[in-house]
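Report on the structure
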Amino acid sequence: MSISNNDVQHVAKLARLNLTSDEEQMLTGQLNAILKYAEKLNELNTDDIAPTSHVLHVSNVMRDDETKESLSIEQVMHNAPDEEEGQFKVPAVME
């Protein structure tokens, strides 16, 4: 797989970036170098490796869920640009 100038132009357009011709050439080269380096991973034999194995011991570091006091409806609605019956009111997106 390789990246073409058209691919770079397409992504730049989606990101609303105005790239010069030199920048497009530079990014095309850099992205192709990254892909070439990533393709080296295909050379590794991963047949005996479990899909979830990791080189470091990984443990769950998430805390337990705890019920805590929350903001009141009045406090929440204080910053709302518009509200109706205790809910945020937003402009309709479809008619």
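Where an unreviewed UniProt entry is consulted, the chain appears under the name Aspartyl/glutamyl-tRNA(Asn/Gln) amidotransferase subunit C, with the organism given as Paenibacillus amylolyticus. As recorded by UniProt, the Subunit (unreviewed entry) comment attached to the chain reads in full: "Heterotrimer of A, B and C subunits." Check the Sequence similarities (unreviewed entry) section of the UniProt entry for the chain; it says "Belongs to the GatC family."

1. Examining the overall build of the chain
Within the chain, the secondary structure is distributed over three helices and two strands. Secondary structure elements in the chain, listed N-terminal to C-terminal, are α-α-α-β-β. Its C-alpha atoms give the chain a radius of gyration of 25 Å, more than 25% over the compact-globule value 12 Å for 95 residues. Judged by the C-alpha coordinates and their principal axes, the chain covers about 60 × 45 × 25 Å. Of all intrachain contacts in the chain linking residues separated by at least 6 positions in sequence, the fraction that spans at least 24 positions is 30%. For the chain, the accessible area works out to roughly 9,700 Å², and carbon and sulfur atoms hold 54% of it.

2. Some points on the side chain of Thr28
One can find Thr28 in helix H2 (residues 21-38). Judged by relative accessible area, which is 9%, Thr28 ranks as buried. Those residues in contact with Thr28 that lie beyond four places of it in its chain are Ile3, Ser4, Asn5 and Val8.

3. Remarks on unusual backbone geometry
One non-glycine residue, Arg16, lies in the positive phi region at around 55 degrees. Its place among the elements puts Arg16 in the loop between helix H1 (5-14) and H2. We classify Arg16 as exposed; its relative accessible area is 74%. Backbone geometry places Glu85, a non-glycine residue, at a positive phi of 55 degrees. Mapped onto the elements, Glu85 comes out in the loop between strand E1 (83-84) and strand E2 (87-88). Residue Glu85 is classed as exposed on the basis of its relative accessible area of 75%.

4. Description of a nonpolar patch on the surface
Among the surface-exposed residues, Val55, Leu56 and Val58 lie close enough to one another that they form a single nonpolar patch of about 360 Å² accessible area. Inspection of the secondary structure assignment puts Val58 in the loop between H2 and helix H3 (73-78). Using a relative accessible area of 57% as the deciding quantity, one classes Val58 as exposed.

About the cut-offs
Residues numbered from 1 in each chain as written. Predicted model: local features only at pLDDT ≥ 70, side-chain atom pairs only at ≥ 80, totals over all residues. Heavy atoms only, no water. UniProt positions renumbered as here; feature names shortened; annotations may be inferred. Helix = DSSP H or I, 4+ residues; strand = E, 2+ residues; numbered from the N terminus. Rg over C-alpha atoms; globule rule 2.2 N^0.38 Å. Contact = heavy atoms within 4.5 Å. Areas by Shrake-Rupley, 256 points an atom, 1.4 Å probe, with all protein chains shown as cover. Buried < 20%, exposed > 50% of the residue type's maximum accessible area, 1.4 Å probe, protein only. Patch = residues over 30% accessible without salt bridge, like charges linked within 9 Å, V, L, I, M, F, W, Y side chains within 5 Å. Salt bridge = Lys/Arg side-chain N within 4 Å of Asp/Glu carboxyl O.

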